[in-house]
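Examining the three-dimensional arrangement
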There are 4 protein chains.
Amino acid sequence: MLHQTFIVIPRRGDCMPAAPVVASGDKAVMAIEIEATMRTREMMDTHPAQVSLDRDLLARTVDALVACSQACTACADACLSEEMVSELRTCIRLNLDCADICGATARMLSRHTGSHADRTRAQLQACSQVCRSCGDECRRHAEAHDHCRIGAEACRACDEAGNELLAAIS
Amino acid sequence: MLHQTFIVIPRRGDCMPAAPVVASGDKAVMAIEIEATMRTREMMDTHPAQVSLDRDLLARTVDALVACSQACTACADACLSEEMVSELRTCIRLNLDCADICGATARMLSRHTGSHADRTRAQLQACSQVCRSCGDECRRHAEAHDHCRIGAEACRACDEAGNELLAAIS
Amino acid sequence: MLHQTFIVIPRRGDCMPAAPVVASGDKAVMAIEIEATMRTREMMDTHPAQVSLDRDLLARTVDALVACSQACTACADACLSEEMVSELRTCIRLNLDCADICGATARMLSRHTGSHADRTRAQLQACSQVCRSCGDECRRHAEAHDHCRIGAEACRACDEAGNELLAAIS
Amino acid sequence: MLHQTFIVIPRRGDCMPAAPVVASGDKAVMAIEIEATMRTREMMDTHPAQVSLDRDLLARTVDALVACSQACTACADACLSEEMVSELRTCIRLNLDCADICGATARMLSRHTGSHADRTRAQLQACSQVCRSCGDECRRHAEAHDHCRIGAEACRACDEAGNELLAAIS
């Protein structure tokens with residue numbers, strides 16, 4: 001994982017952090033390559049349709065949903081590997097629900113049907129309920145299991161992004 | 001979570017959150033905190049099970065698969081919005097296939113069944129075929145449509161990560 | 001497709017309709033093979049957990065959701081193949097949304113989290129909105145395209161089953 | 001939609017809706033109307049595109065994949081509810097893999113990309129491996145758990161349909 005600090009002069013079309021030029025003082029001295037995984041914002045920017053919602057907010061919400069879906073899928077499997085799996089049944093179940101609902105919500109939002117306020121609002125509200133339930137359950141095991149702590153963070157970040165988008169729609 | 005501190009001079013089209021302008025030497029720049037969305041590597045690191053494969057490689061592959069799945073979902077919708085949609089039917093269809101197959105492969109790899117070499121190899125090979133087909137088709141429209149150019153990049157990055165993992169399994 | 005009437009003496013464990021014995025009068029004269037696809041109700045019946053909701057209603061809803069998800073996936077592809085695809089963009093988009101949301105809702109209900117009334121209610125309500133929107137759009141093209149007529153039926157059946165379950169929860 | 005009129009003498013464990021008893025000759029039997037949920041074959045028949053593969057075989061395979069995906073999702077949850085969950089970890093994991101891979105394969109086949117022989121063959125082969133692994137594991141628990149017996153049946157039926165389609169492609 002990356003932990004460096006650097007000065008970047010991005011080029012047009014770059015999706016940070018991609019091939020930044022690191023400068024020391026007033027001139028570039030080296031370039032380092034970092035892989036940009038998600039391209040959601042770039043996709044939003046190049047979508048030909050008119051988008052009624054803020055594209056940056058929409059992209060951040062989709063990324064948070066996708067990240068939460070993946071984190072919950074991984075947390076479910078990690079819980080399943082714990083010795084005390086029998087005490088983690090509810091956490092596994094909620095992780096699987098949250099993974100499915102967040103994944104479907106991300107796909108829906110990626111289709112720019114976000115303009116259909118009622119439909120999007122209803123799905124975001126349902127998704128928020130699952131994220132809160134799953135996050136609360138993960139938090140109960142955060143002390144004992146790091147993967148549950150990370151899962152709880154992913155759920156919280158996802159719920160926050162979703163609620164920000166909800167506020168923009170309503 | 002992964003935090004990077006950038007001092008950047010943003011250009012139009014960069015997908016970075018807005019941030020306050022601060023001084024750095026003699027330049028006006030922006031200092032921003034970027035929170036990495038995906039937590040895949042952290043999840044891998046906190047998984048209690050023994051993992052036969054390199055966790056970093058596994059995490060990078062999962063992230064590439066998830067990013068490709070999302071990019072293809074978005075590209076399919078962008079293609080659907082283009083005036084010449086009738087010329088993009090194959091691209092839309094392949095985008096949807098690639099989104100589904102990459103998404104399922106990411107979930108499978110997240111379950112650490114990666115140790116089951118034959119099963120994982122077969123799915124990664126099938127996924128690689130879809131990524132190549134989808135990437136080739138997207139590339140044919142990359143000049144005309146930026147979202148197809150980005151989609152092609154996502155497919156290429158995903159195929160490369162998958163092949164690296166395949167090499168590690170075989 | 002099948003339209004025959006016959007007399008069946010099922011064997012223990014059969015999920016109708018599977019390999020029935022057709023009898024004429026008081027003795028078996030022929031056996032015909034029909035494929036039993038969904039096993040949802042059997043799975044519900046053999047689930048060890050206590051289920052707060054009626055298992056038959058739950059199973060019928062899951063089957064309607066799964067069938068709607070599949071029908072919408074197929075309708076989207078059929079629309080994409082139509083000469084007038086440009087007039088079917090909204091239908092394709094709604095079909096894809098409906099396929100994703102119904103699929104995720106079916107998985108959620110299959111996890112017997114149905115006992116969590118609030119969460120299930122919110123997702124069923126969101127799902128109902130997508131089914132209605134998709135069904136209405138499909139209906140607009142039902143005269144011109146049989147696959148849209150069938151898609152509209154699938155959405156209606158799914159919405160009805162979901163609302164029946166909603167009534168049982170509330 | 002598919003309607004069949006059965007005159008049946010049900011046994012415990014049959015998954016049929018309750019129905020009024022009526023007389024047929026000298027036997028007490030039940031007359032029931034079963035509404036087929038899936039509309040896959042109808043969708044195939046109304047798809048405007050030329051399909052290189054037999055539509056009936058394609059529809060049966062898609063239905064078997066969808067049914068297997070649903071059965072495995074339900075079996076994973078049922079296993080998770082069993083007292084001896086710790087002995088069912090592998091079964092749960094394989095159920096979840098099988099559910100995801102079969103679901104994605106069903107969507108891919110629904111898109112009539114079946115004409116792309118290499119891509120479809122590779123995905124069907126990967127899917128067959130997961131179905132066999134999952135079916136074998138479920139079978140090991142079939143005596144102890146009916147849901148595993150049903151899951152094993154669903155995997156076997158899915159693998160058989162997939163192999164029949166594979167033979168038609170190759």
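1. A short note on the overall build of chain A
- Scanning chain A from N- to C-terminus turns up five helices and three strands.
- Starting at the N terminus and ending at the C terminus, chain A contains elements arranged as β-β-β-α-α-α-α-α.
- When each of the 170 residues of chain A is scored for burial, the buried share is 64%.
- Of the contacts formed within chain A by residues at least 6 apart in sequence, a portion of 57% connects residues at least 24 apart.

2. Focus on the relation of the copies chain D and chain A
- Turning chain D through 180° and shifting it by 0.0 Å along the axis lays it on chain A, with an RMSD of 0.0 Å. Taken together, the rotation and translation describe the operation of a two-fold axis.

3. Quick notes on the pattern of salt bridges
- By the definition in use, this model includes 68 salt bridges over all chains.
- Among the ionic pairs, D:Arg111 bridges to B:Asp100, the shortest N-O distance being 2.6 Å. Placement of the pair is D:Arg111 in the loop between helix H3 (89-110) and helix H4 (117-140) and B:Asp100 in helix H3 (residues 89-110), with the two residues belonging to separate chains.
- Judged by its relative accessible area of 3%, D:Arg111 is buried.

4. Thoughts on H3(B)
- Under the 1.5 Å per step criterion, the end-to-end length of H3(B) is 32 Å for 22 residues, consistent within 8% with the ideal 32 Å.
- Here H3(B) lies mainly inside the structure; 20 of its 22 residues are buried.

5. Focus on the interface of chain D and chain A
- Between chain D and chain A, the residue contacts involve 12 residues of the former and 12 residues of the latter.
- Between chain D and chain A lies a buried interface of about 1000 Å² when both sides are counted; carbon and sulfur atoms form 50% of it.
- Linking chain D with chain A are two salt bridges.
- Between A:Asp77 and D:Arg93 there is a salt bridge whose closest N-O contact spans 2.5 Å.
- Remark: the boundary between chain D and chain A carries eight residue pairs in polar contact (both at pLDDT 80 or more).
- The set of elements that each furnish at least two residues to the side of chain D that touches chain A consists of helix H2 (55-81) and H3 of chain D.
- Looking at the side of chain D that touches chain A element by element, the count peaks at five residues for H3(D).
- Residues of the side of chain D that touches chain A, tallied by class, amount to four nonpolar, two polar and six charged.

6. Some details on the environment of A:Arg119
- As for its placement among the helices and strands, A:Arg119 is situated in helix H4 (residues 117-140).
- Expressed as a C-alpha distance, the spacing of A:Arg119 and A:Ser133, which sit 14 residues apart in the sequence, is 22 Å.
- Within the structure, the side chain of A:Arg119 is placed 3.0 Å from the side chain of C:Ser133, a separation counted as a polar contact.

7. Points about the environment of B:Cys155
All names here are of chain B.
- Relative to the elements of secondary structure, Cys155 occurs in helix H5 (residues 146-169).
- Separated by 29 residues in the primary sequence, Cys155 and Ala126 have C-alpha atoms spaced 13 Å apart.
- Those residues in contact with Cys155 that sit more than four places away from it in its chain are Cys68, Cys72, Cys98, Cys131, Cys134 and Gly135.

8. Observations regarding the side chain of A:Glu82
- Mapped onto the fold, A:Glu82 is located in the loop between helix H2 (55-81) and helix H3 (89-110).
- No salt bridge is formed by the buried A:Glu82; the nearest opposite charge belongs to D:Arg89, separated by 7.5 Å.
- Polar side-chain contacts of A:Glu82 include one of 2.7 Å to the side chain of A:His147.
- Among residues more than four places away in sequence, those in contact with A:Glu82 are A:Leu88, A:His145, A:His147, B:Pro48 and D:Arg89.

9. Describing the side chain of D:Arg111
- At 2.6 Å, the side chain of D:Arg111 forms a polar contact with the side chain of B:Asp100.
- Once you skip the residues sitting within four places of it in the chain, D:Arg111 turns out to touch B:Arg93, B:Leu96, B:Asp97, B:Asp100, C:Thr73 and C:Asp77.

10. Remarks on the packing of helix H2 (residues 55-81) of chain B against H5(B)
All names here are of chain B.
- Axis separation between H2 and H5 bottoms out at 8 Å; the angle between their running directions is 155°. With respect to each other, H2 and H5 are oriented roughly antiparallel. Considering the relative orientation of H2 and H5, their crossing is left-handed. Residues Leu57, Leu58, Arg60, Thr61, Ala64, Leu65, Cys68, Ala71, Cys72, Cys75, Ala78 and Cys79 of H2 form the contact with H5, whose own contacting residues are His147, Cys148, Ala154, Cys155, Ala157, Cys158, Ala161, Gly162, Glu164, Leu165 and Ala168.
- The residue makeup of the contact of H2 with H5, split by class, is 18 nonpolar, three polar and two charged.

11. Here we look at the packing of H2(B) against helix H3 (residues 89-110) of chain C
- It is the contact of H2(B) with H3(C), at a shortest axis distance of 10 Å, that shows an interaxial angle of 165°. Our classification of the angle between H2(B) and H3(C) gives roughly antiparallel. Of the two elements, H2(B) crosses H3(C), and the hand of that crossing is left-handed. The residues of H3(C) that touch H2(B), namely those facing B:Asp77, B:Leu80 and B:Ser81, are C:Arg89, C:Ile92 and C:Arg93.
- Considered class by class, the residues forming the contact of H2(B) with H3(C) number two nonpolar, one polar and three charged.

12. Quick look at helix H2 (residues 55-81) of chain C
- Compared with the 39 Å implied by 1.5 Å per residue over 27 residues, the 39 Å span of H2(C) between its first and last C-alpha is a close match.
- In terms of residue burial, H2(C) counts as a mostly covered element, since 24 of its 27 residues are buried.

13. Let's talk about the nonpolar core
- Residues A:Cys98, B:Cys68, B:Cys98, C:Cys98, D:Cys68 and D:Cys98 are the most contacted members of the largest nonpolar core, which totals 193 residues.
- Once residues within four sequence positions are removed from consideration, D:Cys68 is found in contact with D:Cys98, D:Cys102, D:Cys131, D:Ala154, D:Cys155 and D:Cys158.

14. So, the environment of A:Met84
All names here are of chain A.
- The residue Met84 is located in the loop between H2 and H3 in this model.
- Its relative accessible area of 43% is what places Met84 among the partly exposed residues.
- Along the backbone, Met84 and Leu65 are 19 residues apart, and their C-alpha atoms lie at a distance of 28 Å.

15. Observations regarding the confidence of the model for chain A
- Taken as a whole, chain A shows an average pLDDT of 82; of its residues, 77% reach a score of 70 or greater.
- The ipTM for the predicted assembly is 0.81, set against a pTM of 0.84.

16. Structural notes on the state of the cysteines
Residue and element names in this part refer to chain A.
- Under the counting rule described, the total for this entry stands at zero disulfides over all chains.
- Take Cys91: it sits in no disulfide, and the sulfur closest to it among the cysteines is that of Cys138, at 3.9 Å.
- When its relative accessible area of 0% is taken as the criterion, Cys91 is described as buried.
- Cys131 supplies the cysteine sulfur nearest to Cys158, a cysteine that is in no disulfide, at a spacing of 3.8 Å.

Definitions and cut-offs
- Residues numbered from 1 in each chain as written.
- Chains lettered and ligands numbered in written order.
- Predicted model: local features only at pLDDT ≥ 70, side-chain atom pairs only at ≥ 80, totals over all residues.
- Heavy atoms only, no water.
- Helix = DSSP H or I, 4+ residues; strand = E, 2+ residues; numbered from the N terminus.
- Buried < 20%, exposed > 50% of the residue type's maximum accessible area, 1.4 Å probe, protein only.
- Contact = heavy atoms within 4.5 Å.
- Least-squares fit on C-alpha atoms with pLDDT ≥ 70 in both.
- Salt bridge = Lys/Arg side-chain N within 4 Å of Asp/Glu carboxyl O.
- Expected span 1.5 Å × (residues − 1).
- Buried area = accessible area lost by both parts, 1.4 Å probe.
- Polar contact = N/O pair within 3.5 Å; in protein donor to acceptor, adjacent residues only side chain to side chain.
- Nonpolar A, V, L, I, M, F, W, Y, C, P; charged D, E, K, R; others polar.
- Lys, Arg positive; Asp, Glu negative; His and termini not counted.
- Axes fitted to C-alpha atoms, helices over the stretch in contact; angles between N-to-C directions.
- Parallel < 35°, antiparallel > 145°, perpendicular 65-115°, else oblique.
- Left-handed = near helix turned anticlockwise from the far one by under 90°.
- Core = buried A, V, L, I, M, F, W, Y, C linked by side-chain atoms within 4.5 Å.
- pLDDT = per-residue confidence, 0-100.
- Disulfide = S-S within 2.5 Å.

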